[in-house]
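Letter by letter, the chains look like this.
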Amino acid sequence: MMNAALGPLDYKVPAGMNVEYGQIVIAPLGPRQVTGIVWEEDRLPANSVPEAKLRPLLSAVDVPPIRGELRRLIEWTADYYIAPLAAVARMVIASGGALRGPATMTEYRLSGGMPDRMTPQRERAIAALEGEQATIRELSGLADVSEGVLRGLVNQGALEPVEVDVDRPYTRARHDFDEPDLSDDQRKVSARLVEAVATRKFAPILLDGVTGSGKTETYFEAVAEALKDDRQVLVLLPEIALTEAFLKRFGNRFGAAPVTWHSSLKSTERRRAWRAIASGEAQVVVGARSALFLPYANLGLIVVDEAHEISFKQEDGVRYNARDVAVMRGHFEAIPVILASATPALESLHMATSGTYEKLDLPSRFGGAQMPEIRLVNLTEEQPGRGSWIAAPLRRAMFERLERGEQSLLFLNRRGYAPLTLCRNCGFRFQCPNCSAWLVEHRLSQRLSCHHCGHETATPEKCPECGEPDCLVACGPGVERIADEVAEMLPDARVALVTSDTINTPEKAAQFVAMAEGGAIDVIVGTQLVTKGFHFPELTLVGVIDADLGLEGGDLRAAERTYQQVAQVAGRAGRGAKPGEVLIQTRHPDAPVIAALEAGDRDAFYDAETEARRHAGAPPFGRWAAIIVSAEDDAEAREAANRIGNSRPRLDDVMILGPAPAPLALLRNRYRYRLLLNARRSAELQKVIRQWLGQLDHPPGVRVGVDIDPYSF
Ligand code: ADP
Ligand code: ZN
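First, a word on what this report is: a plain description of the structure on this page. Nothing here was measured: the structure is a model prediction, and the numbers come from that model. (Residues numbered from 1 in each chain as written. Chains lettered and ligands numbered in written order. Predicted model: local features only at pLDDT ≥ 70, side-chain atom pairs only at ≥ 80, totals over all residues. Heavy atoms only, no water.)

### Focus: helix α19 (residues 685–694)
For α19, the set of buried residues is L685, Q686, V688, I689, W692 and L693. For α19, the angular spread of the buried residues around the axis is 160 degrees, confining them to a single face. Exposed positions of α19 whose direction lies more than 90 degrees from the buried face are Q691 and G694. At its buried positions, α19 is contacted by α1 (68–80), β26 (622–631), α18 (634–646), β27 (654–667), β28 (670–680) and β29 (703–708). (Buried < 20%, exposed > 50% of the residue type's maximum accessible area, 1.4 Å probe, protein only. Helix = DSSP H or I, 4+ residues; strand = E, 2+ residues; numbered from the N terminus. Arc of directions from axis to C-beta. Contact = heavy atoms within 4.5 Å.)

### Digging into the nonpolar core
Ranked by size, the top nonpolar core spans 115 residues in total, and within it L234, L236, V285, F293, F512, L677 and I689 carry the most contacts. Not counting the four nearest positions on each side in its chain, F293 is found in contact with L70, L73, T77, V88, M91, V92, Y320, V325 and R329. (Core = buried A, V, L, I, M, F, W, Y, C linked by side-chain atoms within 4.5 Å.)

### Considerations on the pattern of salt bridges
Between side chains of opposite charge, pairing is possible as soon as their charged atoms come close. Enumeration over the complete set of coordinates arrives at 43 salt bridges. Notably, a salt bridge pairs D208 with R602, separated by 2.7 Å at the nearest N-O pair. With D208 in strand β8 (residues 203–209) and R602 in helix α17 (residues 602–616), the pair connects residues that are 394 residues apart, well separated along the chain. Given the relative accessible area of 5%, D208 is considered buried. E560 is the salt-bridge partner of R613, the closest N and O atoms lying 2.4 Å from each other. Of the two residues, R613 sits in helix α17 while E560 sits in helix α15 (residues 558–570), which places them 53 residues apart along the sequence. Accessibility expressed as a relative area gives 2% for R613, which makes it buried. The network of salt bridges with common partners includes E40, R43, R71, R72, E75 and D79. (Salt bridge = Lys/Arg side-chain N within 4 Å of Asp/Glu carboxyl O.)

Structure follows, in structure tokens:
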């Protein structure tokens, strides 16, 4: 049996109990009862407990067994990413929340009544819980009060219980709705996608279409085909903010909302979704990367939309890339996997040109909409004034849009007001106590916060070092500061700030989309949240505040990421009848990636980047892996990293660099050191790492993590 915490354990099947592989079972472990999956014996360690000493399983959980296809995917993921099998298995069964338990769960909501005695905490809770319904634990998180306070409100009758039927059915989606009239290009692509679904074979397909070409519209035809065949569909999306617009569109096409899966689901919703997915009742699941490890009963198609997005890469726990695991799941399930993007990752493109993936193209925008015109604003010549980040050409373009009643969008991939705050008097800089990172000022919430560990403090009135009042200066811009500048520059404009701080629930995302579509917003100022998915016909101007931001630092993928981000945000302009214009502010107009963006020459960028990668032995031509060693004690971490470094294998096809302090040398109170491996494609990288690390022991405080195909380092 595979236990989620401990890995493979051996048990006896009691007489009269029927188990099959994949069954979820309850077993005794010491004095406790634990949940596990019945697994093939070949994963048991060799020196197992003798037969006579085995304890019997207690019972089977009443959900369908985890199918062999998913068990193989779990094993592949553990092997490829060098993660414990149990940690991967946990992503499957722990995601069900309460796998066991009653058919109904109790949620609470405000009754409208007031408690006999009001306390400040009770008052705060009541104000925060307007319109909410969830379990006590979830409400406690929402209202930021203890569960005790809420229990008090229940006893006083101010909160009332609501029984929620966990397994209530979802509305059925229909596949026989009117199909849209597809363009010739779209029809060709959708016919092939439909055929791929009907064929029921593994088929990795790169759907490469410019922004606004109708990728979604065409893969909906493939979704309809799967529904017709009564098979399930998984659509992976990079961002929950994107989900709302998608859900609406899906509902219009299929007459029912898909089942959603993401980290902020309530426990009742999570359980309902998990069980409906396992029983086959859930037809289409739209989810974040974790939806990949759900126990679909009969999957017929996987779509990874915006497949180039870096948020598909999980950076803690099991470090996996959902895009790549999706392709593997497609392999084990023998179904097509569609990777849709206007700016595919170089790796995906390479797979297509080398013939491993099939490539389908949508080269032009739907309905005759033109690609926007792109111009550079050279910041070395057009310097905005002090404390300003919007240069004159961009200002003029924004004035024009406002006069014509059209929308503008300004993009800067930096949350908060300013990335660094310092004291004018003594030079003190606010730094995170847990990380090697500056605290970012958030003026809306009046807090300084660390974007790596979440540490927050109220923004002080005076310098904590020298005690001088009114001496703190904000250095550099974040989106909040850009929004302030816009408000000053265009006092009559209605400005929307779109960042994960302001758009942090699906409801807020839906509200924003409705306002932008309804013409209630003149200027959108946003982070990478606005670069994707949105389709606002009145949006005719996109301004990129700082195209050089991503190019700083020695990141291997910096150019690719800059290209993708700017091309994606540019793709928001001119999607309707009116032509779009994009102004890119840069200090490096001659950098190859910026020049390619200006020329609208995607091939030029990919060709140059391909050569650079080939030269560096980087993916897709070679492979990278990182070993990250961390501990709360700096010396302990360094010694462990040195121990690993000193026992490095000497190999021709793997180059090993380091150890060196990791780019974030202190993260969440742990000191971090890193070794980098650069291997030839043919090298058995995982085997090398497993053997190398497997022979070393470290003190209990030391953690050694492996990142295969790392995104940033
Ligand atoms: P992409 O996913 O490639 O960015 P979308 O599928 O979002 O493109 O399409 C862009 C816009 O064009 C959407 O508003 C969509 O509804 C519309 N559209 C695309 N194809 C069609 C079609 N065949 N008929 C009607 N509208 C379409
Ligand atoms: Zn921090």
